[in-house]
Amino acid sequence: MEFKNHGNGILELADDSLINTAEGLLNIFAEYECEALIVKISHLCPAFFRLSTGVAGDMLQKISTYRLKFAVYGDFSEAPKP
């Protein structure tokens with residue numbers, strides 16, 4: 001994985017990596033010792049956008065529990081449809 005470092009513990013995912021699970025997301029925070037992560041819509045697996053899968057809920061619950069910051073940007077009209 002490649003990141004752009006914005007300082008103050010803020011990283012932006014800068015390659016084409018895909019985040020598939022809450023554990024994968026937490027591993028990024030732990031391995032790279034960041035407090036905030038910025039990702040494009042394309043970095044999130046299609047299951048994230050289908051709420052019935054629970055992927056988004058799991059990821060966002062972990063972010064909330066560990067008091068981390070997580071930002072997603074991009075053209076949401078191009079996000080995978082549920």
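Residues numbered from 1 in each chain as written. Predicted model: local features only at pLDDT ≥ 70, side-chain atom pairs only at ≥ 80, totals over all residues. Heavy atoms only, no water.

Novice: Please explain the sheet that holds strand S1 (residues 3-5) as it appears in this structure.
Specialist: Across a sheet, paired strands are connected by hydrogen bonds in the backbone, their directions being either parallel or antiparallel. If you walk across this open sheet you meet the four strands as S1-S2-S3-S4, and the pairing is mixed. The outermost strands of the open sheet, each flanked by one partner alone, are S1 and strand S4 (69-73). Across the sheet, the mean angle from the axis of one strand to that of its neighbour is 20°, orientation sign disregarded. Most of the contacts of helix H1 (residues 22-31) go to strand S3 (residues 36-40), to which it runs at about 130°, and overall it touches S1, S3 and S4. (Pairing = 2+ DSSP bridges. Helix = DSSP H or I, 4+ residues; strand = E, 2+ residues; numbered from the N terminus. Axes fitted to C-alpha atoms, helices over the stretch in contact; angles between N-to-C directions. Contact = heavy atoms within 4.5 Å.)

Novice: Just checking my understanding: could you explain unusual backbone geometry for this structure?
Specialist: A positive phi angle, near 55°, is found at Asn8, a position not held by glycine. For Asn8, the location among the structural elements is in the loop between S1 and strand S2 (10-13). Positive phi values are uncommon outside glycine, yet Arg67 reaches one of about 55°. Among the structural elements, Arg67 can be located in the loop between helix H2 (55-65) and S4. Classification of Arg67 by relative accessible area gives exposed; the value is 74%. (Buried < 20%, exposed > 50% of the residue type's maximum accessible area, 1.4 Å probe, protein only.)

Novice: Can you help me understand the packing of aromatic side chains in this one?
Specialist: Here the distance between the centres and the angle between the planes together describe a pair of aromatic rings. Tallying each qualifying case throughout the model produces two aromatic pairs. For the pair Phe3 and Tyr32, a centre-to-centre distance of 4.5 Å together with 55° between the ring planes defines the contact as tilted. Here the residue Phe3 occupies a position in strand S1, and Tyr32 occupies one in the loop between H1 and S3, the gap between them amounting to 29 residues. Arranged with centres 5.2 Å apart and planes meeting at 75°, the rings of Phe48 and Phe49 form a pair that is edge-to-face. This pair shows no difference in class: Phe48 is buried, exactly as Phe49 is. (Phe/Tyr/Trp six-rings, centres within 6.5 Å; stacked < 30°, edge-to-face > 60°.)

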